[in-house]
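A closer look at the structure
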Amino acid sequence: MIIVSIISLLFSLFLQGLVSNFQSYTIYDLSIFSAVYMLLTLVVLQPYFENDKKFLILILIFGILLDITYSNTFILCTCIFLAIFYLNKLLNFFFPYNLFTVNLFSILSMISYHVITFLFLIILNFDSYNFIILLKVIGCNLIMTVVYTSFMYYLIDFIYKKFKLKLIRE
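The notes below deal with the structure included here. (Residues numbered from 1 in each chain as written. Predicted model: local features only at pLDDT ≥ 70, side-chain atom pairs only at ≥ 80, totals over all residues. Heavy atoms only, no water.)

**Examining the nonpolar core**
- In terms of nonpolar packing, the biggest core is built from 37 residues, with M38, F81 and Y113 touching the most fellow members.
- If you list the elements that add at least two residues to this core, you get α1 (2-22), α2 (37-45), α3 (52-71), α4 (76-94), α5 (99-124) and α6 (131-162).
- The element that contributes the greatest number of residues to this core is α2, accounting for seven residues.
- Among all residues touching M38, those that are not within four sequence positions of it are L9, S12, L13, Q16, F62, L66 and F81.
- Formed by eight residues, the second largest nonpolar core is a distinct cluster that contains F118, Y129, I133 and L134. (Core = buried A, V, L, I, M, F, W, Y, C linked by side-chain atoms within 4.5 Å. Buried < 20%, exposed > 50% of the residue type's maximum accessible area, 1.4 Å probe, protein only. Helix = DSSP H or I, 4+ residues; strand = E, 2+ residues; numbered from the N terminus. Contact = heavy atoms within 4.5 Å.)

Quick look at the structure:
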């Protein structure tokens, strides 16, 4: 299952770059195809890991890759991914793992990601934008979040069952 996780995270990393290169949007000209694909893949993969240590290593590695490659920050996305991991871990304890809850967790994760980024930019007074634009960004990301999460959920579930993979433990 670790190989499937790495391949799906690499796919998400490359898809993030591909989509950002082909859709030339700015903060005022948003696209419905925008999403944080890496975050959505992490949300889908989280229940397949019983070992938090291995999942946190994946979050650190791919968070830093995303930071360096696409956001030109060193640990911003990584820290946000870690915070969202703990939020989802708490939610996974109370809710079953199915398509509805995974999409709900993805939507909550996407909203958390954008709100934390928004607050971080305001606190540092760096490239800040207003609350209405934040709502537009979240609204534009909503469709692709549900579509991509559903796609990854079915794909990983299919691979998991087809090859009779095991959960990642110690």
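Moving on from the model shown.
**Re the pattern of salt bridges**
- In the structure shown here, the tally under the stated rule is two salt bridges.
- Among the salt bridges present, the one from K89 reaches D52, with a minimum N-O distance of 2.1 Å. Residue K89 is located in helix α4, and its partner D52 is located in helix α3; the two are separated by 37 residues in the primary sequence.
- Judged by its relative accessible area of 24%, D52 falls in the partly exposed class.
- A salt bridge links D157 to K161; its shortest N-O distance comes to 3.2 Å. Note that D157 and K161 are positioned in helix α6 at a spacing of four residues, about one turn of the helix.
- Judged by its relative accessible area of 56%, K161 falls in the exposed class. (Salt bridge = Lys/Arg side-chain N within 4 Å of Asp/Glu carboxyl O.)

**Description of the packing of aromatic side chains**
- The full count for this structure, using the stated rule, is 11 aromatic pairs.
- Relative to F94, the ring of F93 lies with its centre 5.2 Å away and its plane at 85 degrees, an arrangement referred to as edge-to-face. We note that F93, like F94, is exposed.
- Geometrically, the ring pair formed by F95 and F105 is edge-to-face, given 6.2 Å between the ring centres and 65 degrees between the ring planes. Here F105 lies in helix α5 and F95 lies in the loop between α4 and α5, a separation of 10 residues in the sequence. (Phe/Tyr/Trp six-rings, centres within 6.5 Å; stacked < 30°, edge-to-face > 60°.)

**Description of the side chain of T41**
- Here T41 shows up in helix α2.
- Residue T41 is classed as buried on the basis of its relative accessible area, which comes to 0%.
- Residues contacting T41, with those up to four places away along its chain left out, are S8, L9, S12, Y148 and M152.

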